[in-house]
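# Inside the fold
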Amino acid sequence: MKIVRVSATPLNLPVTVPLGSGSKTTSLSVCIVSIETDTGLVGTGMTAITEEEVIGSIVNDIAAHHLVGMDPMRHEQIWERLYWLLTPRGQSGYASHAIAAIDLALWDIKGQALGEPCWRLLGGARAEVPVYATFGFAFFDRDELAAAARDWVDRGFSRLKMTVGHHALQRRDEPRPLDQVIAEDLQRIRAVREAVGPEVQIYIDANCSLDYFHALTLAKKVEPYDISFFEEPVSQNDIPNLVKLRAKTSIPLAAGQNEGLASRFRDLLVAQAVDVVQPNACITGGFTQCTRIAGMAAAFNTRLANGGAWPHHNMHLHAGLANGSLVEYHSVAVQCCELVFDDLPKPEHGVLRLPETPGLGFKPNPERLAELARRPGSRGAGKA
């Protein structure tokens, strides 16, 4: 079997989030990659929360020419070729997104060729995975946030994640003092805890938007609210600052969803900087590299979880591997996937059951994909 065509379709997808009596409209960037073979099998991968136009160009103008004629079943060979093609001298950036989308498409082909779902090919550790719902965004006020939390609990979710920090460092020149941002975060976390009670797990995510001082201040103030983990608390996932923060808070720390190199996870683990590592199959080099990172996490007895959304791809990784665990059911990202793909599984009682369909188990709807591709690009504004 040989690859005969590789193509990328960059998308800027519209989503609408209910907001009290109204709604909030935003968009997310996604790039869909299709790999066709001489046997007629077609695999589909994707990446997201990046500049979709850039990924499309990388795949269509550079990577595709090097992949035609290769055997799609030899994912290690292809991954290595893409690494040296797209990440010279250890760089990462957009390359890991492009490699992830291609790698997922290859695994989709592999599953179809062998008649098995990807999660079984990855190890088949379990047939279902627990999910946490990411629901709590900056555009909710406190009352709306509390109401949304209750709604997700009523829908059967016992694990909820909300954002904090809200791009505080990025927006510090507005002016927008960081101490005021985290003071409001404290009130928002209190409102959610009071709304859902003590049995529901609450996770918080700063998206690398705080410095060490303010991340520590927030962590100490919210410890009484039993936070299950604090994701990406400091800018750049700065390892020395994560180490210092972990030593001074009882809240577990998590990071890694946007890291592109396995060596970064090695450094996080060696430094004992986090309690949870979070490679994302759609960002961190696909299943091929994420399985390597999962092996390192197992060797260090450090928890592995999904951060950075896209549950329908990451569920295969966490169902496949013995040390797989939580998958993020990000409400906005799920809306994006529902625009593009058919046959997506839905969680029941906070659990996603894996499909038995060979490959990923879902495919893009060609008519909707063609229509969505006509929309203008995000021009850098597609990261919500």
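Placed above this text is the structure.
For the structure given in this document, a descriptive report is provided here. (Residues numbered from 1 in each chain as written. Predicted model: local features only at pLDDT ≥ 70, side-chain atom pairs only at ≥ 80, totals over all residues. Heavy atoms only, no water.)

What follows covers the overall build of the chain. The secondary structure content of the chain amounts to 13 helices and 14 strands. In the chain, buried positions account for 57% of the 384 residues. Considering only contacts in the chain between residues 6 or more positions apart, those separated by 24 or more positions represent 72%. Computed over 37 positive and 43 negative side-chain charges, the inter-centroid distance for the chain is 3 Å. (Helix = DSSP H or I, 4+ residues; strand = E, 2+ residues; numbered from the N terminus. Buried < 20%, exposed > 50% of the residue type's maximum accessible area, 1.4 Å probe, protein only. Contact = heavy atoms within 4.5 Å. Lys, Arg positive; Asp, Glu negative; His and termini not counted. Charge placed at Lys NZ, Arg CZ, Asp CG, Glu CD.)

For the coordinates displayed, the defined rule picks out 11 aromatic pairs. Among the aromatic residues, ring-to-ring pairing joins W79, Y83 and W84 into one connected group. Over the face of the ring belonging to Y212 we find K244, whose NZ or CZ atom lies 4.2 Å from the ring centre. One Lys or Arg, R292, reaches over the ring of W79 and ends 4.5 Å from the middle of that ring. (Phe/Tyr/Trp six-rings, centres within 6.5 Å; stacked < 30°, edge-to-face > 60°. Lys NZ or Arg CZ within 6 Å of the ring centre and 35° of its normal.)

Let us now look at the sheet that holds strand β3 (residues 42-48). Backbone hydrogen bonds are what pair the strands of a sheet, in a parallel or an antiparallel way. Strand order across the open sheet formed by 3 strands is β1-β2-β3, with antiparallel pairing between neighbours. The two strands at the open ends of the sheet, each matched to only one other strand, are β1 (3-19) and β3. Averaged over all adjacent pairs, the angle separating strand axes in this sheet is 25 degrees, with direction ignored. Bridge analysis of strand β2 (residues 22-37) against β3 gives 7 bridges, and the strand direction is antiparallel. What sits directly across from V33, in β3, is G45. (Pairing = 2+ DSSP bridges. Axes fitted to C-alpha atoms, helices over the stretch in contact; angles between N-to-C directions.)

Quick look at the pattern of salt bridges now. For the coordinates displayed, the defined rule picks out 18 salt bridges. When the shortest N-O distance is used, the salt bridge between D205 and K161 registers 3.5 Å. Of this pair, D205 sits in strand β6 (residues 201-205) while K161 sits in strand β5 (residues 159-163), placing them 44 residues apart in sequence. Residue D205 is classed as buried on the basis of its relative accessible area, which comes to 4%. Assessed through its relative accessible area of 1%, K161 is described here as buried. Between K161 and E328 there is a salt bridge, with its nearest N and O atoms 3.0 Å apart. Of the two residues, K161 sits in strand β5 while E328 sits in strand β11 (residues 327-330), which places them 167 residues apart along the sequence. What makes E328 buried here is its relative accessible area of 2%. Three or more residues are tied together by salt bridges with common partners; here these are K161, D205, E231 and E328. (Salt bridge = Lys/Arg side-chain N within 4 Å of Asp/Glu carboxyl O.)

Their axes nearest at 9 Å, the elements helix α5 (residues 142-154) and helix α6 (residues 178-196) cross at an angle of 35 degrees. As for how α5 packs across α6, the hand of that crossing is right-handed. Contacts between α5 and α6 involve R142, L145, A146, A149, R150 and V153 on the former and, on the latter, E184, Q187, R188, A191, V192, A195 and V196. Looking at the contact of α5 with α6 residue by residue, the class counts come to 8 nonpolar, 1 polar and 4 charged. (Left-handed = near helix turned anticlockwise from the far one by under 90°. Nonpolar A, V, L, I, M, F, W, Y, C, P; charged D, E, K, R; others polar.)

Peptide bonds are, in most cases, trans, and in most cases residues other than glycine have a negative phi. For the peptide bond that leads from E174 to P175, omega is 0 degrees, which places it in the cis range. Relative to the assigned elements, P175 resides in the loop between β5 and α6. Positive phi, close to 50 degrees, is recorded for I49, a residue that is not glycine. With respect to the secondary-structure elements, I49 resides in the loop between β3 and α1 (52-67).

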